[in-house]
Structure formats: structure tokens, C-alpha cells
Amino acid sequence: MKVYNTITGQKEEFKTQEPGEVKMYVCGLTVQNYSHIGHVRGAINYDVIRRYLRHKGYDVNYIQNFTDINEKIVKRAEEEGMAPMELAEKYSNAYINDLKRLNVEMPDEFCRVSENIDKIIEIIETLISKGHAYESEGNVYFSVESFDDYGKLSGRNVDEMEAGSRVEVDENKKHPMDFALWKSYENDPTWDSPWGKGWPGWHIECSAMSMKYLGGSIDIHGGGTDLVFPHHENEIAQSEAYSGEKPFVKYWLHNGTVDMSGEKMSKSIGNTYWTKDLLEDFSSDEIRYYILTKHYRSPINFSIEELKNSSRSLKRLISTLGQLDKVIDNYKKNRDNDFIQEDFIDVIKSHRTEFEEAMDDDFNTAKAISVLHGLSKEINSFINSSDFKPNDNNIFILKEARRLFRTFADVLGLKLEPDLVGFEDREKFSKIMEILIDAREEARDNNYYDLADKIRDDLDKINIRLKDTPRGTTWEYTGDERDDS
RNA sequence: GGCGGCGUCGCCAAGUGGUAAGGCAGAGGACUGCAAAUCCUUUAUCGGCGGUUCAAAUCCGCCCGCCGCCUCCA
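Computed from a prediction, not measured in an experiment: that's the story for all the values here.

A. Structural detail: the environment of Gly 216. Mapped onto the elements, Gly 216 comes out in the loop between helix 5 (204-214) and strand 10 (218-224). Judged by its relative accessible area of 34%, Gly 216 is partly exposed. As a C-alpha pair, Gly 216 and Gly 198 span 18 residues in sequence and 26 Å in three-dimensional space. Every residue in contact with Gly 216, bar those within four places of it in the chain, is listed here: Met 211, Glu 245 and Phe 248.

Below you can see the structure in the form of C-alpha cells.
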């Protein structure tokens, strides 16, 4: 398995420090507002990476943080008229809810800055005693000049950067690139520290928490590409200066951002798509599928139009699985085993290999999904071929195919279930459909096509589509048809 | 100005040296009472120019266009 490592700029063979175990830390978000499609894109990318690592047999320990205290949270709390910690609680819960609705598995642990102040203080104290940090007016700064490797992740050189060219340099800093480990702050919420009341700087939290929850050196550290500098660069500096252990992180993974019509989506531009709103109109499968048909490192130029387009592609997979279920579930014991297509087993096996090869190559979900489409086509051909007969052998083969299909879907976190909104009592509903289909069958047998077509057309209007197949009529709920206008 | 990325069929998108995956949309055909679904067939030489090579979308150089980071950001 190969993984693209930001720090080397290359795909590297993936080897964990402890055989069979992966220590993975992903930067979460500052819980100051609802999550948007960009946040969730990362969450889905890392969710799939985690699922795939587990599929490969790794035991994955996955930690994600919440930044629950900083200037922005305080500001937002004022706007919403609540206490900062209350606001953080509100939006972290909202985020967790978004993740659940998107079928994103929960991390093994969510860690919060506010709960780890002790560890942060301990690290800062050590950094000061080692000469990597200094205190000034109640603030503590990390000295970038004290750390020779500074810039190794983002490929920057301290001297060449125009620090302060766009932002005023804090006069307490010895070097313009120095960054805060501890910030002096008077009003609540604050924590006591050897340097007075205040709170941690932004970058130190991830160093502290990844070390505390996962141990010294970790295998995978993920986040958006917009975190490479300065956040992750600073994390490396702090962590390695603190522990003396290198590397702090073995593989740095960065997912691309979600842009809006060529512009980066951001709150300041106001072109944000909130996750909760998207979930009103699209299923978790539709959102995940859309995201996963693009490589995790590529930027996504988001548009509703494209999301709809990719939904049509997703439907194809759902439909295949639906057919598979029907053929298998309707099968009744049968001794007629003369049609056996042994080589279909090989077809299934080769798709398994292809899928894994795609995922082994830096989690190429786009390619993996195309393998799924290939398998879908094979299954459809098999089931719909004129000489297909559901007998013991063929049903056995189809069950294998279904199992593989499901396995792939699970790795991608796709449910591939038909949209049944409004049909909660499905069993009863199915019986009603049977009655309708029978009645229409009879109409057709007697050449009452007008009536038969009326039944079909009327059902279509309420998003139920009938399909006349060689083995009888089936129905499916097509979901709310969305206008493309 | 510095660092990084991108430009592949109408649209989305894989593909990092061996002669262009897949999906959507389109066209033709099979199936159907007609449909739908499904299946089959069909549509590109890879932003431009030059170079390296037996061989390049893939490597190198230059140019054009777009974007991200350098400030909080997933």
C-alpha cells in the first residue's frame, strides 16, 4: 500500500511503527458554527481511509479534536448571547450529528482543548526550559530560530518569508515568525498558568493531544491542505522540540479544499453550503459518493448541479444491488442446475483485486468506484442474460457477488439502499404494491393497455416506478425527482 | 515576491514512460404491447511550443490560463 506523504512530496510504502496498528490523528474544527461541505469532505475522506485500513486488517486508533476555545469562539458566543463553552458544546454536538447523518464513524475519541490544558502547560514549560520558547508579557512564544528543521513540511524558509508583510508583527515576538503557545487573556474563559491567566495558542493543542492520546510518534496525521502552513508546520516544531523524538508524524496526509465556482468556500465570502442544509436535499450516500468520486487530494469545485449529476450515477449501483437482492430473496429451491457459469467467480475475484489495488494506491476512491461500476455491469449482464436461471449454483455465485459488492460499499461508507422516505412501513406497503401490480398484470393480459399504463403513470407521478422484467414486474421508489432548473 | 497545485471527450473524473478507465449527457441497436430498467455498439491524443526517449497525457524547459497557501480556516 502506498500513501502520499506531504512532507516528502511522494507516494511512500505504508509501514506502521507497530505492526498491525495505526495511530491516526485528524485535525477537527473550531466549533464556532455549523459545519459546511468543506469540513465534512475531510471527515468523509479520513473516514474512508480509516475504514480501508481496517479492511486491510489494521487496528486503527483514530483521534479527532475540537478546538473549543479561542478568540473566534468568544466572539461568536457574544453574537449568539451565550457562554463560550456553551457555544462550543452546541456546535460540537451539531457537528457530531452531521457526521452521524453522513454515516461517518465516530473517532475512538474526540478530544477538546479545554480538557487538556494541563498537558499543554506541561509541554510549554518543557519548551521554555529547553530554550525553544520564551515568555513575554504573560504570553509564551515558540522561537522558530531555535528549531533547525522549521519549514520542512511546507518547504518554506524562515528568512524568505515576508512575515508581517500583511499582518502587523506582535512586538513581543523576537522573530516575526514566532508563534504563540500561550496567550494572556483576562476575561473568562481563562485558565491559570505559570504565566498568568490565559489560554493556549492554536497550534499547541494538537501536539499535546496527539501525544497524550496516541503516544509520542504517530503514523498518520491528517487535515486540510490549508493547514499545512502554519498549523502543521508549527505542530512539528513544537512536538519535536519538546520530545526530541523525530519524526513526530510519519505520514502527513492532506485533503483538498472544497471551492465554490473557482473560489475557496469561506465564511467571509459568504458562499457556504452548510452540511445540515445539504442533508435536507441529499442522502448521505449522495454526498459521500460525490466526494469520493474525486481523489481526496484534489480540490473539489462544488456545485449542486454536479451533485445531482453524480446522484444519477450512484443510482446505477443502488439499482444493481436492488436487483441482486430481489433475485436472491425470491429464489426458491430448485434442482435445475444445468446453467452454471463458473467463470463468473473469476470475474468477481478480479474485481476484488482491482478495487484493492486502487485503494492501495493512495486511497484512490475515484478509481475504486469505477471498479464498482464494472462489477455492477457484470452482475447486471449475468442476471439479465437470456439464459440465466436462478438455480442453486447461480444463486450461490450471486451471493458471493453481493457480499463483495457490500464489502466495497462498506469501505466507502455507502449504504446503497433505495430511498424509502415516506415508506417506513415497507412490508405493508409492499403488499399493497403487489395487489396493484397483480391488477395491472391482469389488465395487460386482457389487452387493457390504457388502464395498465394509467396505473404505471400514476404511480410514477408519486415516484414509484414499475419495471416489467422477464421474471415479472418490480417496483422501486425513485426518490423525489429534483428539478434541474 | 516566495512555496505548492491544477489545465484529460459536452460535463464530472481516473491515469506519472509503453500507446487514453469509469460515470453523466448524446447517438444507434436489442429487449418491451408501449415504456422504464438492463445489455450491446459508438464519441478524446490529453492548454500551447520545444526538448529527452525506440516510446510521453505521463520526464525536462519555456509560455498561456486557473487556483491554494504565505493571515483564522477542513
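B. Looking closely at helix 8 (residues 284-292). Of all nine residues in helix 8, nine are buried, a share of seventy percent or more. When we look at burial in helix 8, the residues that qualify are Ser 284, Asp 285, Glu 286, Ile 287, Arg 288, Tyr 289, Tyr 290, Ile 291 and Leu 292.

C. Local environment of the domain arrangement of chain A. When the domains of chain A are assigned, the result is domain 1 (2-131 + 146-151 + 203-300), domain 2 (314-412) and domain 3 (426-477). Of note, the centres of domain 1 and domain 3, computed from C-alpha atoms alone, are 50 Å apart.

D. Local environment of the side chain of Thr 320. Its location among the elements puts Thr 320 in helix 9 (residues 304-329). Here Thr 320 falls in the buried class, since its relative accessible area comes to 1%. Beyond its immediate chain neighbours, meaning those up to four positions away, Thr 320 contacts Ser 376, Ile 379, Asn 380 and Phe 405.

E. Summary view of the sheet that holds strand 11 (residues 249-255). Here five strands make up an open sheet; going across it, the order is 5-4-3-10-11 and the pairing parallel. What marks the edges here is a single partner per strand, and that holds for strand 5 (109-112) and strand 11. In this sheet, adjacent strand axes meet at a mean angle of 25° when their direction is disregarded. Direction of pairing for strand 3 (residues 21-30) relative to strand 4 (residues 59-67): parallel, over a ladder of eight bridges. The partner of Val 22 across the bridge, within strand 4, is Val 60.

F. Spatial organisation of the packing of aromatic side chains. Enumeration over the complete set of coordinates arrives at 18 aromatic pairs. Plain terms: the ring middles of Tyr 34 and Tyr 91 are 4.9 Å apart, the flat faces sit at 90° to each other, and that makes the pair edge-to-face. Remark: Tyr 91 occurs in helix 3 (residues 84-101) and Tyr 34 occurs in the loop between strand 3 and helix 1 (37-55); sequence separation between them is 57 residues. Taking relative accessible area as the criterion, Tyr 34 reaches 27% and is therefore assigned partly exposed. When its relative accessible area of 2% is taken as the criterion, Tyr 91 is described as buried. Taken together, a centroid distance of 5.2 Å and an interplanar angle of 15° make the contact between Phe 142 and Phe 179 stacked. Within this pair, whereas Phe 142 is found in strand 7 (residues 139-142), its partner Phe 179 is found in strand 8 (residues 179-184), the two being separated by 37 residues in sequence. Note on accessibility: Phe 142 and Phe 179 belong to one class, buried.

G. Spotlight on the pattern of salt bridges. The full count for this structure, using the stated rule, is 33 salt bridges. The partner of Arg 51 in a salt bridge is Asp 47, with the nearest N and O atoms 2.9 Å apart. With Arg 51 and Asp 47 both in helix 1, this residue pair falls four residues apart, about one helical turn. An identical accessibility class is assigned to Arg 51 and Asp 47; each is buried. Here Arg 76 and Glu 79 are joined by a salt bridge, their closest N and O atoms 3.0 Å apart. One end of the pair, Arg 76, and the other, Glu 79, are both in helix 2 (residues 71-80), three residues apart, so they sit about a helical turn from each other. Using a relative accessible area of 52% as the deciding quantity, one classes Glu 79 as exposed. Put simply, Asp 47, Arg 50, Arg 51, Arg 54, Glu 105, Asp 108 and Arg 288 are held in one network by salt bridges that share partners.

Reading guide: rules and limits
- The written sequence of each chain sets the order in which its residues are numbered from 1.
- Lettering of chains starts at A and numbering of ligands starts at 1, both following the order in which they are written.
- Local features are withheld for residues below a pLDDT of 70 in this predicted model, meaning they are given only at 70 or higher, and side-chain atom pairs are given and counted only at 80 or more; totals for whole chains, interfaces and linings count all residues.
- To obtain the side-chain values, all non-hydrogen atoms of the structure were used and water was disregarded.
- Helix and strand assignments come from DSSP, with helices taken as H or I runs of at least 4 residues and strands as E runs of at least 2, each series counted from the N terminus.
- Burial status follows relative accessibility: with a 1.4 Å probe on protein chains alone, a residue under 20% of its type maximum counts as buried, one over 50% as exposed, and anything between as partly exposed.
- Only heavy atoms matter for contacts: two residues are in contact if any of them lie within 4.5 Å across the pair.
- Annotation comment: domain bounds sourced from an automatic or database domain assignment.
- At least two DSSP bridges between two strands are required for those strands to pair.
- Helix axes use the C-alpha atoms of the stretch in contact, all axes being lines fitted to C-alpha atoms, and the angles between their N-to-C directions lie in the range 0 to 180 degrees.
- To pair, rings of Phe, Tyr and Trp, with the six-membered ring standing in for Trp, must have centres within 6.5 Å; the planes then decide the type, stacked if under 30 degrees apart, edge-to-face if over 60, and tilted in the middle.
- By definition, a salt bridge exists where a carboxyl oxygen of Asp or Glu is found within 4 Å of a side-chain nitrogen of Lys or Arg.

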